[in-house]
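These are the residues of each chain, in order.
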Amino acid sequence: MELNERFYKTYNNLPLALREEIILVVKDEPITWKVARLEIDNNTPLSTEILGKLAELKII
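Cut-offs and rules
- Residues numbered from 1 in each chain as written.
- Predicted model: local features only at pLDDT ≥ 70, side-chain atom pairs only at ≥ 80, totals over all residues.
- Heavy atoms only, no water.
- Helix = DSSP H or I, 4+ residues; strand = E, 2+ residues; numbered from the N terminus.
- Core = buried A, V, L, I, M, F, W, Y, C linked by side-chain atoms within 4.5 Å.
- Buried < 20%, exposed > 50% of the residue type's maximum accessible area, 1.4 Å probe, protein only.
- Axes fitted to C-alpha atoms, helices over the stretch in contact; angles between N-to-C directions.
- Parallel < 35°, antiparallel > 145°, perpendicular 65-115°, else oblique.
- Left-handed = near helix turned anticlockwise from the far one by under 90°.
- Contact = heavy atoms within 4.5 Å.
- Nonpolar A, V, L, I, M, F, W, Y, C, P; charged D, E, K, R; others polar.

Draft legend 1. A look at the environment of Asn43. Structurally, Asn43 is set in the loop between helix H2 (33-41) and helix H3 (45-56). Along the primary structure Asn43 and Leu24 are separated by 19 residues, whereas in three dimensions their C-alpha atoms are 18 Å apart.

Draft legend 2. Examining the nonpolar core more closely. Core analysis: the largest hydrophobic core is formed by 14 residues, its most contacted members being Phe7, Leu24 and Leu54. Of all the elements in the fold, those that place two or more residues in this core are helix H1 (3-12), strand E1 (22-26), H2 and H3.

Draft legend 3. Highlighting the packing of H2 against H3. The geometry of H2 relative to H3 is characterised by a closest axis approach of 8 Å and an angle of 125° between their N-to-C directions. With respect to their mutual orientation, H2 and H3 come out oblique. The two elements H2 and H3 cross, and the hand of that crossing is left-handed. Between H2, through Ala36, Glu39 and Ile40, and H3, the contact on the second element is made entirely by Leu46, Ser47, Ile50 and Leu51. When its residues are assigned to classes, the contact of H2 with H3 shows five nonpolar, one polar and one charged.

Have a look at this one:
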């Protein structure tokens, strides 16, 4: 399963309130679940870094 598929599977199972929680700090900026989803939806360069870190931390 690709990292973005793993992300969406995890994201879709989150309670709505948790989607506002910070999950990472990238380049001194907090990344919430919602911000991560926006980046991944738009396939930005930052999305690759986010997916890599989430996989490394075994969040996805």
